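# A structural walkthrough
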Amino acid sequence: MAADFKMPEGRRDAPMVSPLEVLGQMKWQWQWILSQAVAFLILYWLLRKFAFAPIQNILREREERVRQAIEEAERQRAEMEQLRAEYERHLAHIEEEARARLQEAMQQAYQARDALLTEAREQAERILQRTQEQIALEREKLMAELRDFVADLAVRIAEKVIERNLDRAAHHELINDILEKELRKRTTH
């Protein structure tokens, strides 16, 4: 049997001993083993009665606290998820409301712009119409003044012509002279 057992390579100088030989050389002291077993059983009973039960109670209490902490954490996580979902819904509602308000403000701005443009066009048309009316009135005044001037001029020329019997050159000279005098009178007033 000794031949089956091999020593590690670094320890070749030690004699080779089989484990069975070692057990055979041991002397069993049954009284000592029996007293140790009885002492072990008494120690086990004492530990179980005075140490294991309180330790088990402490472990059960700790396990219960851990379980409650886990349940509380799960409850808080679920509550947090619910609050997050509510916050996201609220945020989406706010964004939708902001878009609607912006759309409404843009629509009001377009309406105000259109109203201002319409009012400006109407005012421009009124101004243009008033200006055209004023121009027409001024033209009529000028035409009336011109008619009066021409009529007055014609009367004066006729008076002068009647006073003198003129030849053609004198006639033109007389007309030019009267026109110049009348124009000077009109421009000085």
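Residues numbered from 1 in each chain as written. Predicted model: local features only at pLDDT ≥ 70, side-chain atom pairs only at ≥ 80, totals over all residues. Heavy atoms only, no water.

Moving on to the nonpolar core. Judged by nonpolar contacts, F149, L153, I157, L174 and I178 together constitute the single largest core of 5 residues. Breaking this core down by element, the ones donating at least two residues are helix 2 (30–163) and helix 3 (168–188). Looking at this core, the element that brings in the most residues is helix 2, giving 3 residues. Apart from residues no more than four positions distant in its own chain, L153 is found in contact with I178, L179 and E182. (Core = buried A, V, L, I, M, F, W, Y, C linked by side-chain atoms within 4.5 Å. Buried < 20%, exposed > 50% of the residue type's maximum accessible area, 1.4 Å probe, protein only. Helix = DSSP H or I, 4+ residues; strand = E, 2+ residues; numbered from the N terminus. Contact = heavy atoms within 4.5 Å.)

Looking at the chain as a whole, its pLDDT mean stands at 83, while 84% of the residues score no less than 70. Mean pLDDT values over the elements of the chain span from 69, in helix 1 (residues 19–25), up to 89, in helix 2. (pLDDT = per-residue confidence, 0-100.)

Further remarks concern the pattern of salt bridges. Applying the stated criterion across every chain, the model contains 11 salt bridges. We note a salt bridge from E72 to R75, for which the minimum N-O separation is 2.3 Å. Here R75 and E72 lie together in helix 2, a separation of 3 residues that amounts to about one turn. The class of E72 is partly exposed, set by a relative accessible area of 32%. R101 is the salt-bridge partner of E97, the closest N and O atoms lying 2.8 Å from each other. Of this pair, E97 and R101 both sit in helix 2, 4 residues apart, roughly one helical turn. R101 sits in the exposed class, given a relative accessible area of 56%. If you follow the salt bridges from partner to partner, you end up with E64, R67 and E71 in one network. (Salt bridge = Lys/Arg side-chain N within 4 Å of Asp/Glu carboxyl O.)

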